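One-letter residues, chain by chain:
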Amino acid sequence: MQDRMMAKEPNIDPKLLSPYNPTSTEDRIYKLWEESGFFNPDICVEKGVTASDADYFSIVLPPPNVTGTLHLGHAFEDTMQDVLVRYNRMKGKKTLWIPGTDHAAIATQSKVEKILSKEEGKRKQDLGREEFLKRVDQFAQNSHDTIVSQIKKMGASIDWSREAFTLDEKRNFAVRTAFKKMYEDGLIYRGHRVVNWDPKGQTVISDDEIVYEPRKAKLYTFKYSKDFPISISTTRPETKVGDTAVAVNPDDARYKDYIGKTYEIKDFCGVSLSIKIIADYNVDKDFGTGALGVTPAHSQVDYEMAIKNNLPSVTVINEYAQIIIGGENLLGKKTTEAREVVAQWLRDENLMESEVEIDQNVSTAERTGAIIEPLPKLQWFINVNKPIASRDNKTLKELMLEPVASGKIKVMPDRFEKIYSHWIENLRDWCISRQIWYGHRIPVWYRGEEIYCGMEAPEGDGWEQDTDSLDTWFSSGLWTFSTLGWPDLESADLKNYHPTTIVMPGYEILPFWVARMVLMSQYLLGDIPFHTVYFHGIVRDSKGQKFSKSANNGIDPIDVINEYGTDALRMALVVGVGPGNDTKFDMQKVKAYKHFANKIWNIARFTLSNAEGITYNPNFTEYTDSEKELIKERDDLISEITREMNEYKFYLVGEKLYAYTWSRLADVLIEESKSILSGTDEKAKLARVQFLLGTLVQITTVLHPFMPFITEELWSILPTENKQLLMVTKWPK
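Residues numbered from 1 in each chain as written. Predicted model: local features only at pLDDT ≥ 70, side-chain atom pairs only at ≥ 80, totals over all residues. Heavy atoms only, no water.

**What about empty space enclosed by the protein?**
A full pass over the atoms with the stated rule returns four cavities of 30 Å³ or more. Of all the elements in the fold, those that place two or more residues in the lining of the largest cavity are helix H2 (22-36), helix H18 (566-574) and helix H19 (587-609). Class assignment for the residues of the lining of the largest cavity results in five nonpolar, three polar and three charged. Lining the second largest cavity are Leu70, His71, His74, Ala75, Asp78, Gln150, Met154, Pro557, Ile558 and Ile561. Contributing elements (two or more residues each) for the lining of the second largest cavity: helix H4 (72-90) and helix H17 (557-564). Here the residues of the lining of the second largest cavity are counted per class, giving six nonpolar, three polar and one charged. (1 Å grid on protein atoms, 1.4 Å probe; cavity = no way out; pocket = protein on both sides within 12 Å on 5 of 7 lines; lining within 4 Å. Points joined across faces, edges and corners; volume = space filled by probe spheres on them. Helix = DSSP H or I, 4+ residues; strand = E, 2+ residues; numbered from the N terminus. Nonpolar A, V, L, I, M, F, W, Y, C, P; charged D, E, K, R; others polar.)

What follows is the structure in structure tokens.
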């Protein structure tokens, strides 16, 4: 194209005489942006590029975990946010994008424990809590530094002066404040409940941190004894030594006569049982035998049945997934071994009726891979069903549901509203304590039977702080306002930028993060955390598979940037990908957008080669009718994409700008300009040059949110009277 577009060696900026080189451009441009201070909205106001009374646009970066490096999913997420941030800054809004990282307690501690074991053959207990936490802090810092450098490479125009960390001092103060208030309001309590126990990680995990793995299992159907009237089915016969009831549907005619009766079983694999027949409408009478063995200590559902029916609870399994009752045949055995012991006993006693292989979803811990054991434990919980006097006697569940149901919070795409509502309606009390060292330590102290909850340790001797840490999502739930100065209600940032405008997480963390941010903001501030939730999908490989270590299909975004440039990667990630949709990452698409960057460069070279000594005049009026039509076409496009940007349809805008720039401007308008510019009509030539300059200025401006590096570089070359940085130049009207 260089040969076709240039008839002579032009007197233009030497950079334009060579193809666009992102490697020599991007770091230099980013440094220019940082030094300008314009990532900070306060500086924008101070330097007069933003009006002090302008509307605001605010967004918090979903904080990446300090467990390693960023992947293409982060690059996708960062690009989408930066597109909106740059657009709104150019629209003249006070625009704040807050960066930060998440300490990701379980994940980060688990990583350091693995490193410690592999490199030194040690456990965390060998180092002690204080020394081990120093190691974790160093690991987290190194990971943080890598993440920050990657975010900068993506061109993120983010306010680094406000950077936050979910475990820093300010966030720790916010966490203690929130915990204390919830404790005093009776929302946080300590109690014995069945929780998800990770025997490998030796900690509780939440329902959301469970991964369900499809595995083969056996469904055993049997009776407890020869004279027991009802058969039951289970995949875990080893837990049946802790059964205290059998539940049947009250409408099941087969079992009506047995409801309320209790059967004493002298010997069930060496253990005596007392089994009461109870009625519960949750039992599916058409599944299996229509009867369910109730093990209150090792099932959430069974625990709730036991509470309703005042049943005793017998703990069968300990924290190491070993059996702790029975004789020598069971005691100390792992659950998988004990399963076969009980199954064989049932066979030997002729109590086994059938054994059928089935497909089963097994609960495993996301971080360690261990099979989850539901266990009764003394833990800290948040009550989601307790009326809150300061919030019109609404429960946390109601506070979470209302703003989405009323439309106060807009969900994009709206199909996720049902998922959100369903998750909350089925939400149990949130277990917030974790048996790990890394994280926000629970601000509760004990002395004998005394319990104290406060911001600092109580005065006096003999007090010991709770050794547990808080679930990471507790601190993450405060993210939109703890980053803006809360709990200081007079904080300027909190007053000026909250509720935030939009949040843009992946749909897979809807229950983890989004719902909890609504919970915390509604309860602590009496307001929503954001006006819009824009859920993006997952970036997959070219075959549609998830990127993973096991699939060996990972792609480092920095490698892509080094080869093709950031602008090409950004366009390849966001163009054509609507909210909530997964996308296949294709390197050919990145290559195509590298060609597009060069096309823009060549358009500029051609235009400026034919505009030597001419400055773009936005007030020029001597256009021909043809050019007036072309200007209207261009202005109509800008009106259309401006409306779509306001509607968060940037994925369509990118497509339209690509199509106009390549197929219309380069392929048609520049080609037809050649005959005009080589002609003798000076008025026509000047009009065409002004049109091309104006179009180049406009296209460079509106492409800036998508391709910030090449457009900022071109802006410094364009012959305009506006010499400020493109990033704070006003969006065209």
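**A look at the environment of Val248**
Within the secondary structure, Val248 sits in strand E9 (residues 245-248). Between the C-alpha atom of Val248 and that of Tyr281, which follows or precedes it by 33 residues, the distance is 7.8 Å. For Val248, the residues in contact, after removing those within four places along its chain, are Ile230, Tyr255, Ile259, Ile277, Ile278, Ala279, Asp280, Val283, Gly290 and Ala291. (Contact = heavy atoms within 4.5 Å.)

**Thoughts on the sheet that holds strand E19 (residues 450-453)**
Either a parallel or an antiparallel arrangement is found when strands of a sheet pair, and the pairing is made through backbone hydrogen bonds. If you trace the three strands from one edge of the open sheet to the other, you get E19-E18-E20, paired in antiparallel fashion. Strand pairing shows two members of the sheet lacking a second neighbour, E19 and strand E20 (464-465), which therefore form its edges. Pairing of strand E18 (residues 444-447) with E20, which is carried by two bridges, proceeds in the antiparallel orientation. Bridged to Tyr446 within E20 is Glu464. (Pairing = 2+ DSSP bridges.)

**Describing the packing of H19 against helix H23 (residues 708-715)**
Here H19 crosses H23 at 10°, and the two axes come no closer than 11 Å. Taken together, H19 and H23 sit at an angle that is classed as roughly parallel. Between H19, through Ala597, Ile600, Trp601 and Ala604, and H23, the contact on the second element is made entirely by Ile710, Glu713 and Leu714. Tallied by class, residues from the contact of H19 with H23 come to six nonpolar, no polar and one charged. (Axes fitted to C-alpha atoms, helices over the stretch in contact; angles between N-to-C directions. Parallel < 35°, antiparallel > 145°, perpendicular 65-115°, else oblique.)

**Brief notes about unusual backbone geometry**
Negative phi is the rule for most residues except glycine; trans is the rule for most peptide bonds. In this model, Trp486 is joined to Pro487 through a cis peptide bond whose omega is 15°. Relative to the assigned elements, Pro487 resides in the loop between helix H14 (479-482) and helix H15 (492-497). Note that the residue after His498, namely Pro499, is joined by a cis bond; omega there is 5°. Assignment of secondary structure puts Pro499 in the loop between H15 and strand E22 (500-503). A positive phi angle is found at Asn350, which is not glycine, with a value near 55°. Position of Asn350 among the secondary structure elements: in the loop between helix H10 (335-348) and strand E13 (352-365).

**Brief notes about the layout of surface pockets**
Of the volumes computed, that of the second largest pocket is approximately 660 Å³. Along the wall of the second largest pocket there are 27 residues; nearest its centre are Glu113, Lys124, Lys200, Gly201 and Gln202. Elements that contribute at least two residues to the lining of the second largest pocket include exactly helix H5 (105-120), helix H6 (124-127) and strand E6 (203-205). For the lining of the second largest pocket, the leading source of residues is H5, giving six residues. Of the residues in the lining of the second largest pocket, the class split is five nonpolar, ten polar and twelve charged.

**Concerning the nonpolar core**
Formed by 103 residues in total, the largest nonpolar core has its most connected members in Tyr534, Phe650, Leu657, Phe706 and Met707. Setting aside anything within four residues of it in sequence, one finds Phe706 in contact with Val83, Asp567, Arg570, Met571, Val574, Met645, Phe650, Val653, Gly654 and Leu657. Ala174, Ala178, Tyr420 and Phe530 belong to the second-largest nonpolar core, a separate cluster that totals 59 residues. (Core = buried A, V, L, I, M, F, W, Y, C linked by side-chain atoms within 4.5 Å. Buried < 20%, exposed > 50% of the residue type's maximum accessible area, 1.4 Å probe, protein only.)

**Re the packing of aromatic side chains**
In this structure the tally under the stated criterion is 32 aromatic pairs. Considering the side-chain rings of Tyr593 and Phe596, the 6.3 Å spacing of their centres and the 80° angle between planes classify their relative orientation as edge-to-face. Taken as a pair, Tyr593 and Phe596 lie in helix H19 at a separation of three residues, close to a single helical turn. Here Tyr593 and Phe596 have matching classes, each one buried. Grouping aromatic residues by their ring pairs yields a cluster made of Phe222, Tyr224, Phe228, Tyr263, Phe268 and Trp345. Over the aromatic face of Trp33 sits the side chain of Arg86, whose NZ or CZ is 4.1 Å from the ring centroid. When the ring centre of Trp197 is taken as reference, the NZ or CZ atom of Lys377 above it lies at 4.4 Å. (Phe/Tyr/Trp six-rings, centres within 6.5 Å; stacked < 30°, edge-to-face > 60°. Lys NZ or Arg CZ within 6 Å of the ring centre and 35° of its normal.)

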